[in-house]
Amino acid sequence: MTDSAQDGEWWQREAIYEVYPRSFLDTDGDGVGDLTGIRRKLDYLQWLGVGAIWLTPVFRSPMRDFGYDIADYREVDPAFGSLDDLDQLLAEAHARDIKVILDFVPNHTSDQHPWFRASRSSRNNAKRDWYIWRPPGSDGGPPSNWLSILGTSAWQLDPATGEYYYHAFLPEQPDLNWRNPEVRAAMLDVMRFWLDRGFDGFRVDVIWHLIKDEQFRDNPVNPAYIEGMAADQRLSPVFSTDRPEVHDVVVEWRTLIDGYPGAVLIGEAYLPVERLVAYYGDETRREVHLPFNFQMFWAEWSAPAIAQLVESYEGTLNHAAWPNWVLGNHDQPRIGSRLGSERARLAAFLLLTLRGTPTIYYGDELGMTDVPVPPEQVQDTFGQRVLGLGRDPARTPMQWSAEPNAGFTTGTPWLPVPPDAATRNAAALTEDARSILWLHKRLLSLRRDEPALSMGSFVSMGAQDGVFSFLRQDGESTFLVMLNFDSTSTSAVAPLEGELEIALSSHLDREGERCRQGIPIGPFEALLLRPLRR
Ligand code: NOJ
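Residues numbered from 1 in each chain as written. Predicted model: local features only at pLDDT ≥ 70, side-chain atom pairs only at ≥ 80, totals over all residues. Heavy atoms only, no water.

Digging into the sheet that holds strand S14 (residues 457-464)
Right, so step 1: Taken in spatial order, the six strands make up an open sheet running S14-S15-S16-S21-S18-S19, and their pairing is antiparallel. Where the open sheet ends on each side, the last strands, each with one partner, are S14 and strand S19 (514-515).
Right, so step 2: Pairing between S14 and strand S15 (residues 467-474): six bridges, direction antiparallel. In the sheet register, Ser457 faces S15, and the bridge partner there is Gln473.
Right, so step 3: Taken strand by strand, helix H9 (residues 303-316) contacts S14 and S15, and its axis lies near 150° from that of S14.
Right, so step 4: Where helix H14 (residues 436-449) meets the sheet, its contacts fall on strand S18 (500-505) and strand S21 (526-531), and the angle it forms with S18 comes to roughly 130°. (Pairing = 2+ DSSP bridges. Helix = DSSP H or I, 4+ residues; strand = E, 2+ residues; numbered from the N terminus. Contact = heavy atoms within 4.5 Å. Axes fitted to C-alpha atoms, helices over the stretch in contact; angles between N-to-C directions.)

With respect to the nonpolar core
Right, so step 1: Within the largest apolar cluster, 162 residues are counted, with the highest numbers of intra-cluster contacts made by Tyr17, Trp253 and Phe468.
Right, so step 2: In terms of residue count, the dominant contributor to this core is helix H6 (residues 181-196) (nine residues).
Right, so step 3: Listed in part, the 14 residues of the second largest apolar core include Val467, Ala492, Ala494 and Cys515. (Core = buried A, V, L, I, M, F, W, Y, C linked by side-chain atoms within 4.5 Å. Buried < 20%, exposed > 50% of the residue type's maximum accessible area, 1.4 Å probe, protein only.)

Things to note about the site of the ligand
Right, so step 1: Neighbouring the ligand are 13 residues, the closest being Asp65, Asp205, His330, Asp331 and Arg391.
Right, so step 2: Within the side chain of His108, an N or O atom sits 2.9 Å from an oxygen atom of the ligand.
Right, so step 3: The contact in question runs from an oxygen atom of the ligand to an N or O atom on the side chain of Arg203, over 3.1 Å.
Right, so step 4: Its free accessible area being 300 Å², the ligand has 97% of it covered by the protein chains.
Right, so step 5: Each residue belonging to the shell around the ligand can be placed in one class, and the counts come to four nonpolar, two polar and seven charged. (Near = heavy atom within 4 Å. Polar contact = N/O pair within 3.5 Å; in protein donor to acceptor, adjacent residues only side chain to side chain. Areas by Shrake-Rupley, 256 points an atom, 1.4 Å probe, with all protein chains shown as cover. Nonpolar A, V, L, I, M, F, W, Y, C, P; charged D, E, K, R; others polar.)

A look at the side chain of Ser240
Right, so step 1: In this structure, Ser240 sits in the loop between strand S9 (201-204) and helix H7 (246-257).
Right, so step 2: In this structure the side chain of Ser240 is engaged in a polar contact, spanning 3.0 Å, whose partner is the side chain of Asn219.
Right, so step 3: Those residues in contact with Ser240, other than ones at most four positions away along the chain, are Trp146, Tyr166, His209, Ile211, Lys212 and Asn219.

Here we look at the environment of Trp253
Right, so step 1: In this fold, Trp253 is placed in helix H7.
Right, so step 2: With relative accessibility at 0%, the residue Trp253 sits in the buried group.
Right, so step 3: Sequence-wise, Trp253 and Thr284 are 31 residues apart; in three dimensions their C-alpha atoms are separated by 14 Å.
Right, so step 4: Apart from residues no more than four positions distant in its own chain, Trp253 is found in contact with Phe104, Pro106, Trp178, Leu188, Met191, Val204, Ile207, Leu210 and Leu265.

Some thoughts on the confidence of the model for the chain
Right, so step 1: Model confidence for the chain is summarised by a mean pLDDT of 97, while 99% of its residues fall at 70 or above.
Right, so step 2: Here residues 1-5 is modelled with pLDDT under 50, and outside its nearest four sequence neighbours on either side it reaches eight contacts, counting other chains as well. (pLDDT = per-residue confidence, 0-100.)

As for the sheet that holds strand S5 (residues 99-104)
Right, so step 1: On the basis of which strands lie adjacent, the open sheet formed by eight strands has the order S11-S10-S9-S5-S2-S1-S13-S12 and parallel pairing. Because the sheet does not close on itself, it has two edges, and the strands there are strand S11 (290-291) and strand S12 (324-326).
Right, so step 2: Bridge count between S12 and strand S13 (residues 357-361): three bridges; the pairing is parallel. Looking at S13, one finds that Val326 is bridged to Thr359.
Right, so step 3: The strands touched by helix H11 (residues 341-353) within the sheet are S12 and S13, with S13 carrying the most contacts at an inclination of about 145°.

Section: the environment of Asn329
Right, so step 1: By the secondary structure assignment, Asn329 is in the loop between S12 and helix H10 (335-339).
Right, so step 2: Overall, Asn329 belongs to the buried group, its relative accessible area being 2%.
Right, so step 3: Counting along the chain gives 35 residues from Asn329 to Asp364, while the straight-line C-alpha distance between them is 9.5 Å.
Right, so step 4: Residues within four places of Asn329 in sequence aside, it is in contact with Glu18, Tyr270, Phe294, Phe297 and Tyr361.
Right, so step 5: One polar contact links the side chain of Asn329 to the main-chain amide nitrogen of Asp331, over a distance of 2.8 Å.
Right, so step 6: A distance of 3.3 Å separates a polar side-chain atom of Asn329 from the backbone nitrogen of Gln332.

Looking at the packing of H6 against H7
Right, so step 1: Remark: H6 packs on H7, axes separated minimally by 11 Å, with the N-to-C direction vectors making an angle of 30°. In terms of their interaxial angle, H6 and H7 are classed as roughly parallel. Considering the relative orientation of H6 and H7, their crossing is right-handed. Of the residues in H7, those touching H6 at Arg184, Leu188, Met191, Arg192 and Leu195 are Val249, Glu252, Trp253, Leu256 and Ile257. (Parallel < 35°, antiparallel > 145°, perpendicular 65-115°, else oblique. Left-handed = near helix turned anticlockwise from the far one by under 90°.)

Regarding the domain arrangement of the chain
Right, so step 1: For the chain, the assigned domains are domain 1 (3-108 + 181-444), domain 2 (114-166) and domain 3 (456-531).
Right, so step 2: Taking only C-alpha atoms, the centre of domain 2 and the centre of domain 3 are 57 Å apart. (Domains from an automatic or database assignment.)

Quick look at the pairing of strand S16 (residues 477-484)
Right, so step 1: Most of S16 sits inside the fold, with seven of its eight residues counted as buried.
Right, so step 2: Bridge count for S15 against S16 is eight bridges, and the pairing is antiparallel. Bridge pairing in S16 places Arg472 opposite Phe479.
Right, so step 3: Between the antiparallel neighbours S15 and S16 lie two residues, among them Gly475 with a positive phi of about 55°.
Right, so step 4: Bridge count between S16 and S21: four bridges; the pairing is antiparallel. The partner of Leu480 across the bridge, within S21, is Leu529.

Some thoughts on the side chain of Arg391
Right, so step 1: With respect to the helices and strands, the residue Arg391 is situated in the loop between helix H12 (381-385) and helix H13 (426-430).
Right, so step 2: Within the structure, the side chain of Arg391 is placed 2.8 Å from the side chain of Asp380, a separation counted as a polar contact.
Right, so step 3: With near-sequence residues (within four places) excluded, Arg391 lies in contact with Asp65, His330, Asp331, Asp380 and Phe382.

Here it is as structure tokens:
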């Protein structure tokens, strides 16, 4: 694979694979995954056919939020290894044509970061304004009603100086002040540091949080809030997130990134699509290449709902904006649990045949499911502090083999390995040519071989009788994708004339079969068809 093999940039053609390093492979027996572990599994990732790995943060951190609380942006945390290990991982990934995307966490640091220690030391410290400090509000309480992820005030009083600092997440994750030019310059230096070492770009954490209202106005009550929703949803975060000035910051980053050909910027933003797509920027002010599209996390799983979702997303993008799709990540329940094993195959088929860059969450290619974690073993600080916020179940060790602890560690894994790991593991599924693992491999390989399936156009054929169909086309090459979202077999009407051949079925058992109108399609089956030339 070379960058000139097909049109388009690598981050358009290739699939991204999210690695949660704590849970990938432990090579030193401490129960926590490490960089050497990821390096040892590069052959597996190459075999699978992904073009890039995104590593969630591996930088020095007290691990209150497992790396999303950074104490040194330029050092690797000893739990994962060393800077040399990271460089070596990059070199060996590149040797296999796999790019490495790092996690950039600019919104907040750890409270242990030297910048914050200096900032909180006195009101006159040179770094005071690097964070968001405010005097108490008129009632002597917090400066505004803003809520943190925990659903309680996002302002923490620091008795030493009598002021509050703002933290959108944990109190141990103070927010940086992105209105301060020194902060911007320091973080651009961090980006340069990693880009100069050859890394292929960044996934940017909570990009829409960076800039807060200059006047710190109270957030309004969320009219859509109902009991049972997370407590931070009580207010609409209109003054604490997605402020217009954030786009100036993203433009600065993109300008930097554009000096490193091939490097990619991916933005994490949980926003309605119309506001999400603003993070692409425009012709004159480019922003991120890919604002993560999380719509599938909450989508109703039916043919009309998915057809509508895909059509409206495609319709919202302008010609320069490249789509992307995400089925799972380390903050959400796994797709295998959300949908069950049969529909998880259908979801993989959809993810890997739609137009746009797919992101695969580690273990989803095995159909891994959420693993229950008993209350006394909860590791995620969010879950320890607020019942229901824990994300441990979707972060359990990668299931490599039938060995003890699924071959993840020789020690005690930091999160439990489920009993089904004895059969649902990479080694076993590699031997099973009809497994969900092989489904991923086959689809990824077809995407590489067929420009229609990567850079090709997308035309929806809509939903009919439980089946969502669409065309992918490039020049003379056309593919028809049909996905049956229902639990019953049906005979689907193909929107193409003539004889068709099945290039791939999600059950991996009908390849080469020929059909005409009235295509039999099984429960939750997906088909990739191509017209036969006469
Ligand atoms: C989003 C990350 O994905 C999540 O894991 C983290 O807790 C928050 N950002 C805060 O950094």
